[in-house]
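Now for the letters of each chain:
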Amino acid sequence: MLNINGPKDHQPKLWAEDFIFLEGPRWHNDRLWVSDVFDKKLFTLDSDGSRTLECEVPHRPSGIGFLRDGSPIVASMQDRKIMRLVDAELSVHVDFSELASGDLNDMLVDDEGRIYVGNFGYDFHGGAPKAPTNVHIVEPEGAIRVAASGLEFPNGMAIINGGRTLVVAETWASRLTAFNRASDGSLSKPRLFADLRNLQPDGICADTADGIWVASYNTGEVVRVLEGGHVTDRALCGRHVSACQLGGPDGKTLFCCAYLGTDEDLEAGKRHGAILTVSVDVPGRSFATEGVSRGSGEG
């Protein structure tokens, strides 16, 4: 059961603004990478919040990751492809158009270069009924297989427990689900990590103590939750918060992607997207592709 009695409250600070809707933040090589979904652009931000446009993603960008050679990849939502960025040009890295039952969403790259990627599972924007879906694994050599099935809008993912556990946010089920993770990346034995009750988890990230920071879209807060559901920390970020990422020089800055306007503002494409920061006590994880110094595969 979710325990929200007595969490440590944090006051977020505005770090960057003038975006539309942000997703998939990743700290990599001393910069924050982030997707502006409805502006169809991929940005990096330096430590002072100044931004650089890395490329445009015509079919809406979402999850971001980094391959073992350092190449950035980004989920292209509508055409259901993972795109690779090389010399400011995008090329198709993996095509999920025949495999994904909805728009591609968040993804995670593990320390071996495997990609875990989820999708909506149904035509969300077209008003289709909700349906469960899969998370897929893409092997470094390109083979694709189903990692987990029957998930209710799988969203952010994180690896904890020395690589032996993968946690995924199931947005519509208001829960975090954990899987045992084998040496070949396979997932098994799903179990409840945390019942989030009224929170709708979107992006997540993990810290070195295996705490999971969860962006709750519907309540506009970011909470740190332990296995079993105990909430240790909370930060109120505005109307909606879509994703979070630990980074900064010491890994103790939590970057929170928020939308500060109304739902009507978002429908109209008004630029009320922002990044807020919170100083935390426990740094982000340090897997080769998750950590503070070499990037993150969490979302």
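See the structure above.
Predicted model, so just to flag it, every value in this text is computed and none were measured. (Residues numbered from 1 in each chain as written. Predicted model: local features only at pLDDT ≥ 70, side-chain atom pairs only at ≥ 80, totals over all residues. Heavy atoms only, no water.)

### Looking at the sheet that holds strand β24 (residues 253–259)
And then number 1: Ordered by their spatial adjacency, four strands build an open sheet running β2-β25-β24-β23, and the pairing between neighbours is antiparallel. Because the sheet does not close on itself, it has two edges, and the strands there are β2 (13–19) and β23 (240–247). On average, each strand axis in the sheet is tilted by 20° relative to the strand beside it, whichever way the strands run. (Pairing = 2+ DSSP bridges. Helix = DSSP H or I, 4+ residues; strand = E, 2+ residues; numbered from the N terminus. Axes fitted to C-alpha atoms, helices over the stretch in contact; angles between N-to-C directions.)

### Topic: the nonpolar core
And then number 1: Ranked by size, the top nonpolar core spans 17 residues in total, and within it V167, L176, F193, I204, I212, V214 and V225 carry the most contacts.
And then number 2: Those elements that provide at least two residues to this core are β15 (154–160), β16 (165–170), β17 (175–181), β18 (187–195), β19 (201–206), β20 (212–216) and β21 (221–225).
And then number 3: If near-sequence neighbours (up to four positions away) are discounted, V214 is found in contact with L176, L196, P201, G203, I204, E221, V222, V223, V225 and C244.
And then number 4: C205, C237, L246 and V280 belong to the second-largest nonpolar core, a separate cluster that totals 15 residues. (Core = buried A, V, L, I, M, F, W, Y, C linked by side-chain atoms within 4.5 Å. Buried < 20%, exposed > 50% of the residue type's maximum accessible area, 1.4 Å probe, protein only. Contact = heavy atoms within 4.5 Å.)

### Regarding the environment of K81
And then number 1: Turning to its location among the elements, K81 is positioned in strand β9 (residues 81–86).
And then number 2: Apart from the residues within four sequence positions on either side, K81 is in contact with V74, A75, S76, V92, V94, D95, F96 and L104.

### Observations concerning the pattern of salt bridges
And then number 1: Under the definition given, this model contains 19 salt bridges.
And then number 2: Of the charged contacts, one joins D106 and R26 as a salt bridge, the two residues approaching to 2.9 Å between their closest N and O atoms. Placement of the pair is D106 in strand β11 (residues 104–109) and R26 in strand β3 (residues 22–28), with a sequence separation of 80 residues.
And then number 3: Classification of D106 as buried rests on a relative accessible area of 2%.
And then number 4: Overall, R26 belongs to the buried group, its relative accessible area being 0%. (Salt bridge = Lys/Arg side-chain N within 4 Å of Asp/Glu carboxyl O.)

### Quick notes on the pairing of β11
And then number 1: Of all six residues in β11, six are buried, a share of seventy percent or more.
And then number 2: Bridging between β11 and strand β12 (residues 115–119) involves four bridges; their strand directions are antiparallel. Pairing of L108 across the sheet is with Y116, part of β12.
And then number 3: Counting the residues in the hairpin turn of β11 and β12 gives five residues, including G113, whose phi is positive at 90°.

### Considering the side chain of N155
And then number 1: Mapped onto the fold, N155 is located in strand β15.
And then number 2: Of the residues examined, N155 reaches a relative accessible area of 3% and is grouped as buried.

### Some details on the packing of aromatic side chains
And then number 1: Summed over all chains, the structure comprises 13 aromatic pairs.
And then number 2: For the pair Y122 and F153, a centre-to-centre distance of 6.5 Å together with 65° between the ring planes defines the contact as edge-to-face. With a gap of 31 residues between them, Y122 in the loop between β12 and β13 (133–138) and F153 in the loop between β14 (144–151) and β15 connect regions that are remote in the sequence. Neither residue differs from the other here; Y122 and F153 are each classed as buried.
And then number 3: One aromatic cluster is present, formed by F120, Y122, F124, F153 and W172 through successive ring pairs.
And then number 4: Over the ring of W172 we find K130; its NZ or CZ atom is 4.3 Å from the centre of that ring. (Phe/Tyr/Trp six-rings, centres within 6.5 Å; stacked < 30°, edge-to-face > 60°. Lys NZ or Arg CZ within 6 Å of the ring centre and 35° of its normal.)

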